[in-house]
Amino acid sequence: MKDYLIYFITIVIAASLIFAFNALVFSQEIKSLSKLLDTLPLMIGIASFVVVCIIGWLVYYTMRFMMKRRSREFGTYLLLGIERKRIVNLFFMENLIIGAVALLIGLLTGNLLYQGLRAMLLRLYEIQYHLSYVFSLSATLLTFVCFAVIFIVALFLNQRKIKKSKISDLIYMDQYNEKALAPDSKKRRKLFIVSMISGVAGTGLLLTYDATLSLIGAFVIIFFLFTFYISFSSGIPAYFEKHEKKKYGGNTLYAFRSLTSKVGSMGITLSVISILLTATLIAVGTGLSFNHLFMRNAELETAHSIYIGSEQATGFSDYRKYIDGNLDVKSEWQYNVYKLDSDFLTQYVDPYRDDFRAYDYDTVMAFSDYTKIRDMLGYQKVTLPEGEYIIQCLDYLTKPLEQYNGTVQIGDRTLVRGAVYHETFTQQSWNGNGSGFILVVPDEIAKTLPVSHSAYAAMTGIPVTVTDYAALDAIRMGRRESGSSVGYDMIFSKEIVKEQNASLYALIVFPLFYVALVLMIVSATVLAIQILSETKSYQNQYATLHMLGADKKYLSSALLRQFAVYYVLPVFPAVVISSIFIFFLCMAFDPGVFQGIAQIFLVVGATLAIFFAVFAIYIVASYEHLKRNVLPGA
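Residues numbered from 1 in each chain as written. Predicted model: local features only at pLDDT ≥ 70, side-chain atom pairs only at ≥ 80, totals over all residues. Heavy atoms only, no water.

Trainee: Please provide a residue-by-residue account of the packing of aromatic side chains, values included.
Mentor: The final tally for this structure, using the stated rule, is 21 aromatic pairs. A ring pair is formed by Phe290 and Phe589, whose centres lie 5.7 Å apart and whose planes are at 70 degrees; its orientation type is edge-to-face. In this pair, Phe290 is assigned in helix 13 (residues 267-300) and Phe589 in the loop between helix 22 (552-588) and helix 23 (597-630), connecting sequence segments 299 residues apart. For Phe290, a relative accessible area of 22% corresponds to the partly exposed category. For Phe589, a relative accessible area of 15% translates into the label buried. When the ring centre of Tyr361 is taken as reference, the NZ or CZ atom of Lys339 above it lies at 5.3 Å. For Arg374, the ring lying beneath its charged end belongs to Tyr421, and the centroid distance is 5.0 Å. (Phe/Tyr/Trp six-rings, centres within 6.5 Å; stacked < 30°, edge-to-face > 60°. Helix = DSSP H or I, 4+ residues; strand = E, 2+ residues; numbered from the N terminus. Buried < 20%, exposed > 50% of the residue type's maximum accessible area, 1.4 Å probe, protein only. Lys NZ or Arg CZ within 6 Å of the ring centre and 35° of its normal.)

Encoded structure:
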């Protein structure tokens, strides 16, 4: 039961996760939050399929491992004359009972987890959370079916092994380890070099962000991890045979030598665990990256309840007719955005943003229009001193524009740069208040310039709904289809932007963290089961060392070192590969999403922190269990 404990806890957690996400799929309340969530069942369904496959592998692996651990017992039963069928049924019922109890507890705790996920989603849509328990029969049945399939398949495969094994195979099965796949030192060195080259090549292909090349890169990374552990693990004994000083220094001889019998023949197992950990870290990092992206988009897009930018000369009468009849407008303003006959400032900011240029000229706004929009948005009042112009820009362009000291020549007036402001001002897209920035000049100067496009902005007392936005969008399409050759209108709404980003968060980030958490606990469980299975062997070894005169400090140090190396081996490559991938993924986002390298490192650091926070629970629990049961007098 000690060997089964961590596995049992993991199945409980997995059942809780599967039930909680299934409950999201079947929740009518969640579906009503947004039309965009119609694809949430598909996204969670895909994630659940991956999760079921992973949990299925864990169940199969653990059953095979426990069967191997108890094979001598089963062989003895056969020698005593017990029927093979009864032994198979014994093993079947034992695992079925463990799975059933874990599933039952998982369903109970899954309801609590569902409330947590529900609260997070409601907060994304700025809806107040109230605890309300609703039993989901569909989610319960689907979770039950998933685990029934997992356990039946795993039990069937393991039963076949017991049925086909000879008595001698069962008695000696627990003494078999994976064979060292590269025992020859020359082949091992060559394989190690190949693994290093494939690791670099695979990471490079992943960073191309091309779908085909990235898929190839993923397979190359898998090849790297398998060849790395096969060559590295098999080379541990050879390394210490050639470095006797390190071999006999301190407690190295015992700590590493005792690992060679296990780690040196576990290349395949370590490879699989490292692949799972790499996928875990990439999933967590990708989720955090997209979370930051959605938050920034919601922040930068617009602060208006409704903003319409149009190049058509017909004005906004058709839009206004719907708005006046259906929306609770508290303040509104219609104005023009003008254009200079130069693009000096546009050229200046180009190196600091993406390649997209909405205009081949600098855009201008009249000061009276500017102050009116600021008042609508609740921003601080500003002044425009004589002979100056103001720059209003996206926040990430503030620093370079504060360093810009160029003058603006409009007619016979020369203006010098004044203050730079960076509040959200609908400057992220085409037909907004400039593209990334806008120049604010006195009214009498602005009105001498040609019009770039017209704009209408409004703030409402009641948030704009998806229905309202769809109606305005239908008007836009009607204007476009009327045969006008003028540019396409742009419509923005802060409420709709928030809803879209909340929906994207639910569709992308939730499933990523769902899969990542399952991958993480499965990897940690396999490592824990492997090392805790050696408890009896370690007890004998450390008792012998204690009898030979080794003090408690030496024994504790040797155990910690032995334990640490075993856990570090599969984690280290995963951390390196995933950190590089996450860093370059963040770099691939548009400028402004991350304001400097420091924020990207923060995402990488947060990814590793989340990973080790969960992983450490298993590490500490496993080490404390091992320490109490192995060290004499502990």
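Trainee: Summarise the pairing of strand 4 (residues 388-393); cite the residues concerned and give the values.
Mentor: Counting buried residues along strand 4, five of its six residues qualify, which places the element largely inside the surrounding structure. Looking at chain direction, strand 4 and strand 7 (residues 437-441) are connected through four bridges and run antiparallel. Note that in strand 7 the partner of Ile390 across the bridge is Val440. (Pairing = 2+ DSSP bridges.)

Trainee: For helix 4 (residues 71-79), give the residues involved together with the corresponding values.
Mentor: Taken as a whole, helix 4 has its buried residues at Ser71, Phe74, Gly75 and Leu78. Each buried residue of helix 4 lies within a common arc of 100 degrees when the element is viewed along its axis, so the set occupies one face. (Arc of directions from axis to C-beta.)

Trainee: So what's going on with the pattern of salt bridges? Residues and values would help.
Mentor: Scanning the entire structure with this criterion turns up eight salt bridges. Taking the shortest distance from any N to any O, the salt bridge between Arg118 and Glu29 comes out at 2.6 Å. Here Arg118, found in helix 5 (residues 84-124), pairs with Glu29, found in helix 2 (residues 28-31); they are 89 residues apart in sequence, far enough to count as distant. Arg374 is the salt-bridge partner of Glu423, the closest N and O atoms lying 2.8 Å from each other. Of this pair, Glu423 sits in the loop between strand 6 (413-421) and strand 7 while Arg374 sits in helix 16 (residues 367-377); the two residues are 49 residues apart in sequence, bridging distant segments of the chain. Overall, the relative accessible area of 22% leaves Glu423 in the partly exposed class. Assessed through its relative accessible area of 1%, Arg374 is described here as buried. (Salt bridge = Lys/Arg side-chain N within 4 Å of Asp/Glu carboxyl O.)

Trainee: So what's going on with empty space enclosed by the protein? Which residues, and what values?
Mentor: Scanning the entire structure with this criterion turns up three cavities of 30 Å³ or more. Of the pockets and cavities examined, the largest cavity occupies roughly 50 Å³. For the largest cavity, the lining is made up of 10 residues, of which Thr346, Tyr359, Tyr361, Ser435 and Phe437 are closest to its centre. For the lining of the largest cavity, a count of residues per class yields four nonpolar, three polar and three charged. (1 Å grid on protein atoms, 1.4 Å probe; cavity = no way out; pocket = protein on both sides within 12 Å on 5 of 7 lines; lining within 4 Å. Points joined across faces, edges and corners; volume = space filled by probe spheres on them. Nonpolar A, V, L, I, M, F, W, Y, C, P; charged D, E, K, R; others polar.)

Trainee: An account of the nonpolar core is requested, with residue identities and associated values reported.
Mentor: One finds Leu24, Ile55, Val59, Phe147, Tyr542 and Phe615 to be the most contacted residues of the largest nonpolar core, which totals 128 residues. Take this core: its biggest share by element is 21 residues, from helix 20 (residues 494-532). If you look at the next biggest cluster of nonpolar residues, it comprises 25 residues, including Val349, Leu397, Leu401 and Phe437. (Core = buried A, V, L, I, M, F, W, Y, C linked by side-chain atoms within 4.5 Å.)

Trainee: Any details on the sheet that holds strand 8 (residues 451-460)? Residues and values, ideally.
Mentor: Read from one edge of the open sheet, nine strands run 5-6-4-7-3-2-8-1-9, paired in mixed fashion. Each end of this open sheet is capped by a strand with a single partner; those strands are strand 5 (408-410) and strand 9 (490-492). With direction set aside, neighbouring strand axes in the sheet form an average angle of 30 degrees. Relative to strand 8, strand 2 (residues 329-339) is paired through nine bridges, and the arrangement is antiparallel. The residue bridging Tyr338 from the neighbouring strand is Val451, located in strand 8. Sitting on the sheet, helix 14 (residues 317-326) touches strand 1 (306-310), strand 2, strand 8 and strand 9, and the angle it makes with strand 2 is about 160 degrees. (Axes fitted to C-alpha atoms, helices over the stretch in contact; angles between N-to-C directions. Contact = heavy atoms within 4.5 Å.)

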